[in-house]
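# Structural features, examined
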Amino acid sequence: MSSPNRTESSPLTLILTGIPGLPMSSYWMALPLCCLYLLMLLGNCTVLWVIKTDHSLHTPMYSFLSMLAVADLGLSLSTLPTVLAIFWFEATSLRFEACIVQMYFIHSFSAIESGVLVAMAFDRFVAICHPLHYASVLTSSLVMKLGGVIFTRGLCVVLPVAILIKEMPFCRSHVLSHSFCLHQDMLRLVCGDVRVNSVYGLTAVILTKGLDSLTILLSYVMILRTILTIVSQEARAKAFSTCISHLCAVLIFYIPLIGLSLIHRFGKHLPPLTHTLLADAYLLVPPVLNALVYSWKTKQIRRRLLILLGQR
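Just so we're clear, the structure is a prediction, and the values are computed from it rather than from any experiment.

Cut-offs and rules
Residues numbered from 1 in each chain as written. Predicted model: local features only at pLDDT ≥ 70, side-chain atom pairs only at ≥ 80, totals over all residues. Heavy atoms only, no water. Helix = DSSP H or I, 4+ residues; strand = E, 2+ residues; numbered from the N terminus. Rg over C-alpha atoms; globule rule 2.2 N^0.38 Å. Buried < 20%, exposed > 50% of the residue type's maximum accessible area, 1.4 Å probe, protein only. Contact = heavy atoms within 4.5 Å. Lys, Arg positive; Asp, Glu negative; His and termini not counted. Charge placed at Lys NZ, Arg CZ, Asp CG, Glu CD. Core = buried A, V, L, I, M, F, W, Y, C linked by side-chain atoms within 4.5 Å. Phe/Tyr/Trp six-rings, centres within 6.5 Å; stacked < 30°, edge-to-face > 60°. Patch = residues over 30% accessible without salt bridge, like charges linked within 9 Å, V, L, I, M, F, W, Y side chains within 5 Å. Areas by Shrake-Rupley, 256 points an atom, 1.4 Å probe, with all protein chains shown as cover. Salt bridge = Lys/Arg side-chain N within 4 Å of Asp/Glu carboxyl O. Disulfide = S-S within 2.5 Å. Arc of directions from axis to C-beta. UniProt positions renumbered as here; feature names shortened; annotations may be inferred. pLDDT = per-residue confidence, 0-100. Axes fitted to C-alpha atoms, helices over the stretch in contact; angles between N-to-C directions. Parallel < 35°, antiparallel > 145°, perpendicular 65-115°, else oblique. Left-handed = near helix turned anticlockwise from the far one by under 90°. Nonpolar A, V, L, I, M, F, W, Y, C, P; charged D, E, K, R; others polar.

### Quick word on the overall build of the protein
Scanning the protein from terminus to terminus reveals 12 helices and 2 strands. Against the 2.2 N^0.38 benchmark of 20 Å for 312 residues, the protein shows a C-alpha radius of gyration of 21 Å, consistent with a compact globule. Projected onto its principal axes, the C-alpha positions of the protein cover 70 × 45 × 35 Å. In the protein, which comprises 312 residues, the share counted as buried stands at 45%. The contacts in the protein between residues at least 6 apart in sequence include a share of 79% that link residues at least 24 apart. Between the mean site of the 22 positive side-chain charges and the mean site of the 13 negative ones, the protein shows a separation of 9 Å.

Dropping the structure here:
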């Protein structure tokens, strides 16, 4: 099925939206966003560099943390071109094909991050519930295989979404609700039958982030049961403290995701600003906060950073 308004002479162009109520070219928004992206790049690249250069950090937990940093970098860099183009240059037009590519990478890296959080929950489960078997279970070979499965799943599960929406006709308004392309937002502009797209999109979310969140929840139920059986209060607190960074990353990622999914399906009566802020929080905040939380809460990384700063 091809769109009646998508021809060789007039390619389909979608219009991105900034923040409702603010002018497109707003330095009050452009400067903070630039700072946010710079902080994200600096934080995640620093985490990757510290883990790569410090051989004591070449363990499964830090391998998963490296994967999380890569997913965060991919997620942020997927949104960076259009977000900064809107607020710096008022460049709101985006070719349909470019929008599909951006949508694909946003949702792919989001699925990858969700998978990495599951792997990190598994790491904490083995470390706390079966500490004597940690080295034999989480071998470097298993970590590499898990990483390959996580990235392959994230890249493959979103591919049908991009293929399906590419063949749909866009006959209504071409104005999107955000400063980047999301599947639910693009689907809103389609004038054909979107049942297949909607069903597959919902199924993909349930089979990835839905199952991932349930797996993480189950892991922490078992972790909590194990921690409560520890007699020493000090040992109990120490065991729980090793999970704090991961719990923060899970909450930072899933709370905006759940909120965004709910308002896309049930909150059409809410003001546009609500949709925009939740989408921005979902895509821009986790990559920044994850790097800050892990840099501060992980003693080895914090110590290495303090040594580097002291040398300078």
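### Let's talk about the nonpolar core
By size, the foremost hydrophobic cluster in this structure holds 84 residues, and its most contacted members are Leu14, Leu65, Leu117, Phe170 and Met186. The element best represented in this core is helix α3 (residues 96-129), accounting for 19 residues. Excluding anything up to four places from it in sequence, methionine 186 contacts Leu14, Phe96, Cys99, Ile100, Met103, Ile165, Phe170, Leu176 and Cys181.

### Concerning the packing of aromatic side chains
This structure, assessed with the given rule, holds 5 aromatic pairs. Both rings, one in phenylalanine 96 and one in phenylalanine 170, keep their centres 5.0 Å apart while their planes meet at 65°; by these two values the pair is edge-to-face. Placement of phenylalanine 96 in helix α3 and of phenylalanine 170 in the loop between α6 (159-166) and α7 (183-187) is noted, with a sequence separation of 74 residues between them. By relative accessible area, which is 1% here, phenylalanine 96 ends up buried. Note on phenylalanine 170: relative accessible area 0%, which makes it buried.

### Some thoughts on a nonpolar patch on the surface
Judged by side-chain polarity, Leu202, Ile206, Leu207, Leu211, Leu214, Leu217 and Val221 come together as a nonpolar surface patch covering roughly 640 Å² of accessible area. For leucine 211, the position within the fold is in helix α8 (residues 195-228).

### Examining the state of the cysteines
Put plainly, two cysteines are in a disulfide when a covalent bond ties their sulfur atoms together. Within this structure, the stated rule accounts for 1 disulfide. Its sulfur unpaired, cysteine 35 is 6.9 Å from the next cysteine sulfur, which belongs to cysteine 34. Cysteine cysteine 129 remains unbridged, with the sulfur of cysteine 243 as its closest cysteine sulfur at 8.8 Å. Assessed through its relative accessible area of 17%, cysteine 129 is described here as buried.

### Description of α6
Where α6 is concerned, the buried positions are Val161, Ala162 and Ile165. The buried residues of α6 all sit within an arc of 95° when viewed along its axis, so they share a single face. In the core, the buried residues of α6 are packed alongside α3, α5 (140-157), α7 and α8.

### Some details on the side chain of threonine 208
Its location among the elements puts threonine 208 in helix α8. Not counting the four nearest positions on each side in its chain, threonine 208 is found in contact with Ser114, Arg153 and Val157.

### What about the UniProt feature "transmembrane region" (unreviewed entry) in the protein?
UniProt's entry tags residues 27-51, 63-89, 101-122, 142-165, 243-263 and 275-296 with the feature "transmembrane region" (unreviewed entry), counted in the numbering of this structure. Summarising residues 63-89: 100% helix, 0% strand, and an end-to-end C-alpha distance of 39 Å. Here residues 243-263 runs as 95% helix and 0% strand, with 30 Å between its end C-alpha atoms.

### Brief notes about the pattern of salt bridges
Inspection of every chain in the model, using the stated rule, returns 5 salt bridges. A salt bridge links arginine 188 to aspartate 185, with the shortest nitrogen-to-oxygen separation between them at 3.0 Å. Residue arginine 188 is classed as partly exposed on the basis of its relative accessible area, which comes to 41%. Judged by its relative accessible area of 0%, aspartate 185 falls in the buried class. In this structure, the salt-bridge partner of arginine 195 is aspartate 193, at a minimum N-O distance of 2.7 Å.

### A look at the confidence of the model for the protein
When pLDDT is averaged along the protein, the result is 85, and 91% of the positions lie at 70 or above. Every residue in residues 1-9 scores below 50 in pLDDT, and together they form 20 contacts with partners more than four places removed in sequence or on other chains.

### Description of the environment of isoleucine 128
Along the polypeptide, isoleucine 128 turns up in helix α3. With a relative accessible area of 12%, isoleucine 128 lands in the buried category. Considered as a pair, isoleucine 128 and phenylalanine 89 are 39 residues apart in the sequence and their alpha carbons are 51 Å apart.

### Digging into the environment of methionine 144
Mapped onto the elements, methionine 144 comes out in helix α5. Residues methionine 144 and phenylalanine 64, spaced 80 residues apart in sequence, show a C-alpha to C-alpha distance of 9.6 Å.

### Observations regarding the packing of helix α2 (residues 60-89) against helix α11 (residues 272-297)
Angle between the axes and distance between the axes: these two values describe a pair of packed helices. Following both chains from N to C, one finds α2 and α11 inclined at 150°, their axes separated by 9 Å at the closest point. In this view, α2 runs roughly antiparallel relative to α11, as classed from their interaxial angle. The two elements α2 and α11 meet at a crossing, and its hand is left-handed. In this structure, α2 uses Leu65, Leu68, Asp72, Leu75, Ser76 and Thr79 to contact α11, whose residues at the interface are Leu283, Leu284, Pro286, Pro287, Asn290 and Tyr294. A class-by-class count of the residues in the contact of α2 with α11 yields 8 nonpolar, 3 polar and 1 charged.

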